[in-house]
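Notes for the structure review
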Amino acid sequence: MFVQLQMTNSLNILNNVAVEYFSLGLQELSYQIWDELYHVIQEQPEYRKELLPVISCNMGNVLRQNGLLKEAGRVCLQGLKCCFETGEAYAVPELLLQLSTLCMKSGKTELAKWLHLSGSHFLSWSRQEQNKTGSPAPEHLTPGHKRPLHHGRTLEELMEQDFLLYCRESGR
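The structure reproduced in this document is the subject of the present report.

What counts, and at which threshold
- Residues numbered from 1 in each chain as written.
- Predicted model: local features only at pLDDT ≥ 70, side-chain atom pairs only at ≥ 80, totals over all residues.
- Heavy atoms only, no water.
- Helix = DSSP H or I, 4+ residues; strand = E, 2+ residues; numbered from the N terminus.
- Buried < 20%, exposed > 50% of the residue type's maximum accessible area, 1.4 Å probe, protein only.
- Contact = heavy atoms within 4.5 Å.
- Areas by Shrake-Rupley, 256 points an atom, 1.4 Å probe, with all protein chains shown as cover.
- Axes fitted to C-alpha atoms, helices over the stretch in contact; angles between N-to-C directions.
- Left-handed = near helix turned anticlockwise from the far one by under 90°.
- Nonpolar A, V, L, I, M, F, W, Y, C, P; charged D, E, K, R; others polar.
- Parallel < 35°, antiparallel > 145°, perpendicular 65-115°, else oblique.
- Core = buried A, V, L, I, M, F, W, Y, C linked by side-chain atoms within 4.5 Å.
- Disulfide = S-S within 2.5 Å.
- Polar contact = N/O pair within 3.5 Å; in protein donor to acceptor, adjacent residues only side chain to side chain.
- Phe/Tyr/Trp six-rings, centres within 6.5 Å; stacked < 30°, edge-to-face > 60°.

So, on to the overall build of the chain. When helices and strands are tallied, the chain shows seven helices and two strands. The N-to-C order of helical and strand elements in the chain reads α-α-α-α-α-α-β-β-α. When the 172 residues of the chain are sorted by exposure, 46% land in the buried category. Across the chain, the fraction of contacts at a sequence separation of at least 24, relative to all contacts at a separation of at least 6, is 65%. Looking at the chain as shown, the accessible area adds up to about 8,900 Å², and 57% of this sits on carbon and sulfur atoms.

We now examine the packing of helix H2 (residues 27-43) against helix H3 (residues 48-65). Following both chains from N to C, one finds H2 and H3 inclined at 145 degrees, their axes separated by 9 Å at the closest point. Considering the relative orientation of H2 and H3, their crossing is left-handed. Only Arg48, Leu51, Leu52, Ile55, Ser56, Asn58, Met59, Val62 and Leu63 of H3 make contact with H2, whose side of the interface consists of Tyr31, Trp34, Asp35, Leu37, Tyr38, Ile41 and Gln42. A breakdown of the residues in the contact of H2 with H3 according to their chemical character gives 11 nonpolar, three polar and two charged.

Running from N to C, H3 and helix H4 (residues 69-86) point in directions that differ by 160 degrees, and their axes come no closer than 8 Å. Comparing the axis directions of H3 and H4 gives the class roughly antiparallel. Between H3 and H4 lies a crossing of left-handed hand. Two secondary-structure elements touch here, H3 through Arg48, Lys49, Leu52, Pro53, Ser56, Met59, Gly60, Leu63 and Arg64 and H4 through Leu69, Glu71, Ala72, Val75, Cys76, Gln78, Gly79, Cys82, Cys83, Glu85 and Thr86. Taken together, the residues that form the contact of H3 with H4 break down as 10 nonpolar, five polar and five charged.

Core analysis: the largest hydrophobic core is formed by 42 residues, its most contacted members being Trp34, Leu51, Ile55 and Leu95. Counting residues per element, the ones that place at least two in this core are helix H1 (2-23), H2, H3, H4, helix H5 (92-105) and helix H6 (109-133). The residues contacting tryptophan 34, other than those within four sequence positions of it, are Asn15, Ala18, Val19, Phe22, Ile55, Asn58, Met59, Val62 and Leu164.

Before going further, it helps to examine the state of the cysteines. In this structure the tally under the stated criterion is zero disulfides. Its sulfur unpaired, cysteine 82 is 6.2 Å from the next cysteine sulfur, which belongs to cysteine 83. Among the residues examined, cysteine 82 registers a relative accessible area of 1% and is labelled buried.

Here glutamate 28 is to be found in helix H2. The class for glutamate 28 is exposed, based on a relative accessible area of 53%.

Time to look at the side chain of serine 23. Within the fold, serine 23 resides in helix H1. A polar contact of 2.7 Å, which involves the side chain of serine 23, links it to the backbone oxygen of glutamate 20.

Attention shifts here to the packing of aromatic side chains. Per the stated rule, a full pass over the model turns up two aromatic pairs. Ring geometry for phenylalanine 22 and tryptophan 34: centres 6.3 Å apart, planes at 40 degrees, overall tilted. Here the residue phenylalanine 22 occupies a position in helix H1, and tryptophan 34 occupies one in helix H2, the gap between them amounting to 12 residues. Overall, the relative accessible area of 3% leaves phenylalanine 22 in the buried class. Note on phenylalanine 122 and tryptophan 125: the rings are 5.3 Å apart at their centroids and 65 degrees apart in plane angle, and the pair reads as edge-to-face. In this pair, phenylalanine 122 and tryptophan 125 are both assigned in helix H6, three residues apart and thus about one turn of the helix distant. Note on phenylalanine 122: relative accessible area 23%, which makes it partly exposed. The class of tryptophan 125 is partly exposed, set by a relative accessible area of 44%.

Written out as structure tokens, the structure is:
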């Protein structure tokens, strides 16, 4: 148990370092870290529940920013599927909102609107639940500085938003 907790903490730290690198403009290095973490999670499923949604969100963001929309969608859908399979809701709002921007960029306007509405409502609900339990809300980044992701943003405003998540501390 102790070894698994230590490994989870190490993977969490690597993800959080990659988020910081991204905010400093080191997107390629961030992607390399997330890609390696993604493969570790695939090979060691005991870390999947906690880490796959977060890593999928972060990798999907970089892929989307680089115009790799299909790959970004595949990675984000895998993270969302993991959320629904495990009951882990931490990354659901960001994954839904990111998928809405991917659908909009792909010309699937109606699906984009539905995902945006769902993601916005889920974001509002999840933050209310976190306030009740005292859990910290995820931080979201735009290039160079931290800014909260507000549910009141329009789909057009989200098109250039970065969706990056820090890992939560283990043991919660």
